[in-house]
Amino acid sequence: LPPKYFYDERGSELFERITRLPEYYQTRTELRVLRDIAPGVVRRHGVADLVELGSGSSRKTSVLLDAMREARTLRRYVPFDVCPEAVLAAAGRLRGEYPALDLHGVAGDFDHHLGGVPEPDGDGRRLVAFLGGTIGNLEPGARVPFLRSVAGLLGPGDILLVGTDLAGDPARIRRAYDDAEGVTAQFNLNVLRVLNRELDGDFDLDAFAHVALYDPGPPWIEMRLRSTRDQTVRLGALDLEVEFARGEEMRTEISCKFTRPMVEEMYARAGLELVEWHEDPRGWFGVSVARSAA
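Residues numbered from 1 in each chain as written. Predicted model: local features only at pLDDT ≥ 70, side-chain atom pairs only at ≥ 80, totals over all residues. Heavy atoms only, no water.

*Asks:* Where do I start with the sheet that holds strand S11 (residues 249-256) in this structure?
*Replies:* In a beta sheet, neighbouring strands are held together by backbone hydrogen bonds and run either parallel or antiparallel to one another. As summarised here, the arrangement of the three strands in space is S7-S8-S11, forming an open sheet in which the pairing is antiparallel. The open sheet has two edge strands, strand S7 (208-215) and S11, and neither has a second partner. Adjacent strand axes in the sheet meet at a mean angle of 20° when their direction is disregarded. Across eight bridges, the pairing between S7 and strand S8 (residues 220-227) is antiparallel. Bridge assignment links Asp215 to a residue of S8, and that residue is Trp220. (Pairing = 2+ DSSP bridges. Helix = DSSP H or I, 4+ residues; strand = E, 2+ residues; numbered from the N terminus. Axes fitted to C-alpha atoms, helices over the stretch in contact; angles between N-to-C directions.)

*Asks:* Mind showing me how you'd approach the packing of helix H5 (residues 140-151) against helix H8 (residues 260-269) here?
*Replies:* Relative placement of two packed helices is described by the angle separating their axes and the distance separating the axes. As a packed pair, H5 and H8 sit with axes 8 Å apart at the nearest point and diverge in direction by 60°. Relative to H8, H5 is oriented oblique. Crossing of H5 against H8: the hand is right-handed. For the pair H5 and H8, the contacting residues are Arg143, Val144, Leu147 and Arg148 in the first and Met266, Tyr267 and Arg269 in the second. Considered class by class, the residues forming the contact of H5 with H8 number four nonpolar, no polar and three charged. (Parallel < 35°, antiparallel > 145°, perpendicular 65-115°, else oblique. Left-handed = near helix turned anticlockwise from the far one by under 90°. Contact = heavy atoms within 4.5 Å. Nonpolar A, V, L, I, M, F, W, Y, C, P; charged D, E, K, R; others polar.)

Given below as structure tokens:
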């Protein structure tokens, strides 16, 4: 299943809980990196227009907006997320914190609605942010086409800022997707609620168990849902019945872990060039800056 279907209103709330769990190092590590680099990135590239893909609650956005305000370049923020409720909630909060900010939210799907991102307004350069390691949720064959489409949002001098979870200790990485509280399990199972609601399904959530598996080959984490019994599920809107054997698993998400050479190669194939690379001292998370190579 495409992981974008996790993110209805409940799924977005559960993911925000995940980002605060002790096992989930990604959010706080990326935030530390952003705090260190944001003023310099904004100053060096003259950023005035911020577009954030997969904005969610826009918690990390404030670091970039503060740097833009400090540099006196702050003009507009475009939060783009598949969950309309998340876009509205974030916009409402930021309106109070940045009263002079021009806000233009977009609720949409990366695969279909990037054209809904407004053109830059006036002078100043654009920064397109894709944070949280979300690039790793894309299938390998989809990453370069996606980045090519994102490159279409970049004009001369504009930059792309991407957060990537880095390859490392498999045990540490796996714990981030199988926390002791079971919040990630609730998040994973929520996709079945979405299917039940949107496609008239009859998934029994009690008949599936959360599974997190580290595969060193790509390397990536796979989240799966394992059927705990033989069962048949019906999706009325598709006129589809799916049989599950006991122990059979359905993959709901991949989360690829990167190295700098992997990121650099990915950019090059998409017509982008890596111009800055930043990571935390432990090498757990990387934030890179790229621009169009042409």
